[in-house]
Amino acid sequence: DVKVTQSSRYLVKRTGEKVFLECVQDMDHENMFWYRQDPGLGLRLIYFSYDVKMKEKGDIPEGYSVSREKKERFSLILESASTNQTSMYLCASSSRLAGSYNEQFFGPGTRLTVL
Amino acid sequence: AQSVSQHNHHVILSEAASLELGCNYSYGGTVNLFWYVQYPGQHLQLLLKYFSGDPLVKGIKGFEAEFIKSKFSFNLRKPSVQWSDTAEYFCAVLLPGRDDKIIFGKGTRLHILP
């Protein structure tokens, strides 16, 4: 079974703090993604990576950065957390192999509250 | 810009009722289509997918979806819902040549009354 794990299920931070969200997948997937999920807005892509040390901006990258030093790990960084970054953050991974159909596998999510 | 529209934001049904959730996308070429489901407190998981072939796709838990190319639609259906189908449902589209990015709709919250 594909497994995507996220470092925390719940996180509470203060405005201005630096926040690290970690994601690890165990299926040797090339692609990894960070989304935020907000009620009525669905999933919005923040950043994605299709290889180690590679990253691409998604639809809402402002206020976020990412790091992918190892294939299995993809980190989302909030340099200076703000209250409008209070949200559910979802990590996903997918394979580029033919026949994988690019199905994305999701982690359980991290509910971040910024006070 | 390419987009995915889910027409119903919140649907309430009684058990045994039939379900159809609408999904339309705005892209004229070949697409790959997905429905994902998120049960309360659980991971987002794949319900079904369409890539080619038979436009009627069957997924888990008795769900099916029909790809109608002329209508740019991929509606999700289930003939008789159960209380355990209470969840949020997301339609998604993978566009070719877009670095494997999937575009998600805004989701439909389905609430089944026991």
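Anything mentioned here points back to the structure above.
Residues numbered from 1 in each chain as written. Chains lettered and ligands numbered in written order. Predicted model: local features only at pLDDT ≥ 70, side-chain atom pairs only at ≥ 80, totals over all residues. Heavy atoms only, no water.

> Looking at this structure, how should I read the pairing of strand β2 (residues 10–14) of chain B?
Consecutive side chains of a regular strand alternate in pointing toward one face of the sheet and then the other. All names here are of chain B. Residues of β2 alternate between two faces, with V11 and L13 buried on one and H10, I12 and S14 left unburied on the opposite face. Bridging between β2 and strand β12 (residues 108–113) involves five bridges; their strand directions are parallel. Residue pairing for β12: S14 is matched across the bridge by L113. (Buried < 20%, exposed > 50% of the residue type's maximum accessible area, 1.4 Å probe, protein only. Helix = DSSP H or I, 4+ residues; strand = E, 2+ residues; numbered from the N terminus. Pairing = 2+ DSSP bridges.)

> Whenever I open this one, unusual backbone geometry confuses me. Can you help?
It is generally the case that most residues other than glycine have a negative phi and that most peptide bonds are trans. Positive phi, normally seen in glycine, also occurs at A:D28, with a value near 60 degrees. Among the secondary structure elements, A:D28 is positioned in the loop between β3 (19–25) and β4 (31–38). Phi is positive for B:A16, close to 80 degrees, though the residue is something other than glycine. Locating B:A16 in the fold gives a position in the loop between β2 and β3 (19–21). The exposure class assigned to B:A16 is exposed, which follows from its relative accessible area of 53%.

> Please explain the environment of B:E66 as it appears in this structure.
You can see B:E66 is positioned in strand β8 (residues 64–68). Here B:E66 is in contact with B:P55, B:L56, B:S73, B:F74, B:N75 and B:R77, once residues within four sequence places are set aside. (Contact = heavy atoms within 4.5 Å.)

> What exactly am I supposed to notice about the environment of B:V57 here?
All names here are of chain B. Mapped onto the secondary structure, V57 falls in strand β7 (residues 56–58). Distance in space between the C-alpha atoms of V57 and Q38 is 19 Å, their sequence separation being 19 residues. Setting aside chain neighbours within four positions, we find V57 in contact with L48, K49, Y50, F63, E64, A65 and F74.

> It is not clear to me how the interface of chain B and chain A should be interpreted in this structure. Could you clarify?
In many reports, interface size means the accessible area that the parts give up when they come together. The interface of chain B with chain A comprises 19 residues on the first partner and 21 residues on the second. In total, chain B and chain A occlude about 1800 Å² of area from one another, counting both sides; carbon and sulfur atoms represent 57% of this. Across the contact surface, chain B and chain A share zero salt bridges. Applying the counting criterion to the chain B and chain A interface returns three residue pairs in polar contact (both at pLDDT 80 or more). Broken down by secondary-structure element, the contributors of at least two residues to the side of chain B that touches chain A are β5 (32–38), β6 (44–50), β10 (87–94) and β11 (102–104) of chain B. Of the residues that constitute the side of chain B that touches chain A, the class distribution is nine nonpolar, four polar and six charged. (Buried area = accessible area lost by both parts, 1.4 Å probe. Salt bridge = Lys/Arg side-chain N within 4 Å of Asp/Glu carboxyl O. Polar contact = N/O pair within 3.5 Å; in protein donor to acceptor, adjacent residues only side chain to side chain. Nonpolar A, V, L, I, M, F, W, Y, C, P; charged D, E, K, R; others polar.)

> Would you mind going over the sheet that holds strand β7 (residues 65–70) of chain A with me for this structure?
Residues and elements named next belong to chain A. Across the sheet, which stays open at both edges, the four strands sit in the order β1-β3-β8-β7 with antiparallel pairing between neighbours. Each having just a single partner strand, β1 (4–6) and β7 make up the two edges of the open sheet. For this sheet the average axis-to-axis angle between neighbouring strands, irrespective of direction, equals 20 degrees. Alignment of β7 against strand β8 (residues 73–78), held across four bridges, turns out to be antiparallel. Counted as the bridge partner of S67 is S75 from β8. (Axes fitted to C-alpha atoms, helices over the stretch in contact; angles between N-to-C directions.)

> What should I look at first to understand the packing of aromatic side chains in this one?
Aromatic ring pairs are reported here in terms of the distance separating the ring centres and the angle at which the planes meet. Applying the stated rule across the entire model yields 15 aromatic pairs over all chains. Residues A:F33 and A:Y35 carry aromatic rings whose centres are separated by 6.2 Å and whose planes lie at 25 degrees to one another, so their mutual orientation is stacked. One exposure class covers both A:F33 and A:Y35, and it is buried. Summarising the aromatic geometry, the rings of A:Y35 and A:F106 are spaced 5.8 Å apart at their centres and angled 40 degrees between planes, so their arrangement reads as tilted. Separated by 71 residues along the polypeptide, A:Y35 in strand β4 and A:F106 in strand β10 (residues 105–106) bring together distant segments of the chain. Classification of A:F106 as buried rests on a relative accessible area of 5%. An aromatic cluster is defined as three or more aromatic residues linked by ring pairs; in this entry it consists of A:F33, A:Y35, A:F48, A:Y50, A:F106, B:F34, B:Y36, B:F51 and B:F104. (Phe/Tyr/Trp six-rings, centres within 6.5 Å; stacked < 30°, edge-to-face > 60°.)

> I would appreciate a short explanation of the state of the cysteines in the present structure.
In the structure shown here, the tally under the stated rule is two disulfides over all chains. Disulfide pairing is shown between A:C23 and A:C91; the S-S distance is 1.9 Å. Linking A:C23 and A:C91, the disulfide has an S-S dihedral of approximately -80 degrees and is accordingly described as left-handed. Here A:C23, found in strand β3, pairs with A:C91, found in strand β9 (residues 87–94); they are 68 residues apart in sequence, far enough to count as distant. Judged by its relative accessible area of 0%, A:C23 is buried. For A:C91, a relative accessible area of 0% corresponds to the buried category. Between the sulfur atoms of B:C23 and its disulfide mate B:C91 the distance is 1.9 Å. An S-S torsion of about -70 degrees defines the bridge between B:C23 and B:C91 as left-handed. Residue B:C23 is found in strand β4 (residues 23–25), and its partner B:C91 is found in strand β10; the two are separated by 68 residues along the sequence. For the residue pair B:C23 and B:C91, the accessibility class agrees, reading buried in each case. (Disulfide = S-S within 2.5 Å.)

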